[in-house]
Amino acid sequence: MTSTYTGLIKNLEYLKLKQMITHLDDVIDFINTNNLSFVDGLTKLTAHEIDFKEANMIRSMVKVGAFPHTKEIKDFDFDFQPSINQQQILDFTTLRFIEAQENLVFLGPSGVGKTHLATSIGIAAAKKRYSTYFIKCHDLLQQLKKARLENRLDARLKHFTKYKLLIIDELGYLPINKDDSKLFFQLIDMRYEKKSTILTTNINFNNWDEVFYDAVIANAILDRILHHAHIISISGKSYRLKDHFKKEGE
Ligand SMILES: Nc1ncnc2c1ncn2[C@@H]1O[C@H](COP(=O)(O)OP(=O)(O)O)[C@@H](O)[C@H]1O
Ligand SMILES: [Mg+2]
């Protein structure tokens, strides 16, 4: 008996099934105590290995996403921001909008939770194995500009087009010149009706021609983003200043 047990461990080691080795004794005890079959035991044992592999995969998807933090929807205080429809946000985390190639635009002043919500939805997508990437608008444009200088713009645009979900944070915080606006348009146009994009911005749509310095380009970008989009307009107080407000009220 001991020798077959040792032999089994050796086999599992050879097959690199570490989790099955770790849980072998527990599972043997469990099936003996509950009088379960060989199939039940093996199912339970392999489930340990699968759970571990899945957890690793999710961790690496989240890492690849380059999120600024790992805050999730459960960490968001909806009571603090009553202008947000909680059910609508929860619906976004079901990722229906990705299947429908729709966009989300979080619009509002600084500190109201735009980046937090965009990140939470991105993490939910990464956990469900949708290829997801988070990038600040300014960094995205820097990368595209560099690629253009190095004659590899097409490849870079294709790279950013392949993500099922691209989160572009802080559109409009820094001005964008005409050439960069065209790069931004190219990317939005390539993703249009194929992939979902989440945008966060503090600029109302009727002021976008000031951000892009050109009303024609601004309109072309807006047209494509808003054609299939959910707009989440947040009009509340800054969460960053909430303790400050509390102190003032005391
Ligand atoms: N309603 C909220 N509940 C919990 N944390 C929040 C809430 N709103 C904002 N925060 C936190 O406050 C900080 C600022 O929010 P952030 O999403 O970066 O704002 P924005 O992108 O709109 O400027 C972050 O640390 C975020 O996690
Ligand atoms: Mg932000």
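Residues numbered from 1 in each chain as written. Chains lettered and ligands numbered in written order. Predicted model: local features only at pLDDT ≥ 70, side-chain atom pairs only at ≥ 80, totals over all residues. Heavy atoms only, no water.

(A) Representation of the packing of helix H7 (residues 137-149) against helix H8 (residues 153-161). One can describe the packing of H7 onto H8 by two numbers: an axis separation of 7 Å at closest approach and a directional angle of 150 degrees. It follows that H7 is roughly antiparallel to H8 by the angle criterion. Together, Leu140, Gln143, Leu144, Ala147 and Arg148 of H7 and Leu153, Arg156, Leu157 and Phe160 of H8 make up the contact between the two elements. A per-class count over the contact of H7 with H8 returns 6 nonpolar, 1 polar and 2 charged. (Axes fitted to C-alpha atoms, helices over the stretch in contact; angles between N-to-C directions. Helix = DSSP H or I, 4+ residues; strand = E, 2+ residues; numbered from the N terminus. Parallel < 35°, antiparallel > 145°, perpendicular 65-115°, else oblique. Contact = heavy atoms within 4.5 Å. Nonpolar A, V, L, I, M, F, W, Y, C, P; charged D, E, K, R; others polar.)

(B) Broad picture of the site of ligand 1. Lys71, Asp77, Gly111, Thr115 and His116 are the nearest of the 14 residues found near ligand 1. Within the contact set of ligand 1, an oxygen atom lies 2.7 Å away from a side-chain nitrogen or oxygen of histidine 116. At a separation of 3.2 Å, an oxygen atom of ligand 1 approaches a polar side-chain atom of arginine 240. Here ligand 1, which alone exposes 560 Å², has 88% of that area covered by the protein. At a threshold of 2 Å from the grid points, most atoms of ligand 1 map onto the largest pocket. Residue composition of the shell around ligand 1, grouped by class: 4 nonpolar, 5 polar and 5 charged. (Near = heavy atom within 4 Å. Polar contact = N/O pair within 3.5 Å; in protein donor to acceptor, adjacent residues only side chain to side chain. Areas by Shrake-Rupley, 256 points an atom, 1.4 Å probe, with all protein chains shown as cover. 1 Å grid on protein atoms, 1.4 Å probe; cavity = no way out; pocket = protein on both sides within 12 Å on 5 of 7 lines; lining within 4 Å. Sits in = over half its atoms within 2 Å of the grid points.)

(C) Structural detail: the environment of arginine 191. Within the secondary structure, arginine 191 is located in helix H9 (residues 178-191). Along the primary structure arginine 191 and histidine 23 are separated by 168 residues, whereas in three dimensions their C-alpha atoms are 46 Å apart. Apart from the residues within four sequence positions on either side, arginine 191 is in contact with Phe160, Thr161, Tyr163, Lys164, Leu165, Leu166, Ser196 and Thr197.

(D) Structural context of the packing of helix H3 (residues 38-64) against helix H6 (residues 114-127). Running from amino to carboxyl end, H3 crosses H6 at an angle of 140 degrees, the nearest separation of the two axes being 8 Å. In terms of orientation, H3 and H6 fall into the oblique class. As for the relative orientation of H3 and H6, their crossing is right-handed in sense. Contact residues: Ile58, Met61 and Val62 in H3; Ile123, Ala126 and Lys127 in H6. Its residues placed into classes, the contact of H3 with H6 shows 5 nonpolar, no polar and 1 charged. (Left-handed = near helix turned anticlockwise from the far one by under 90°.)

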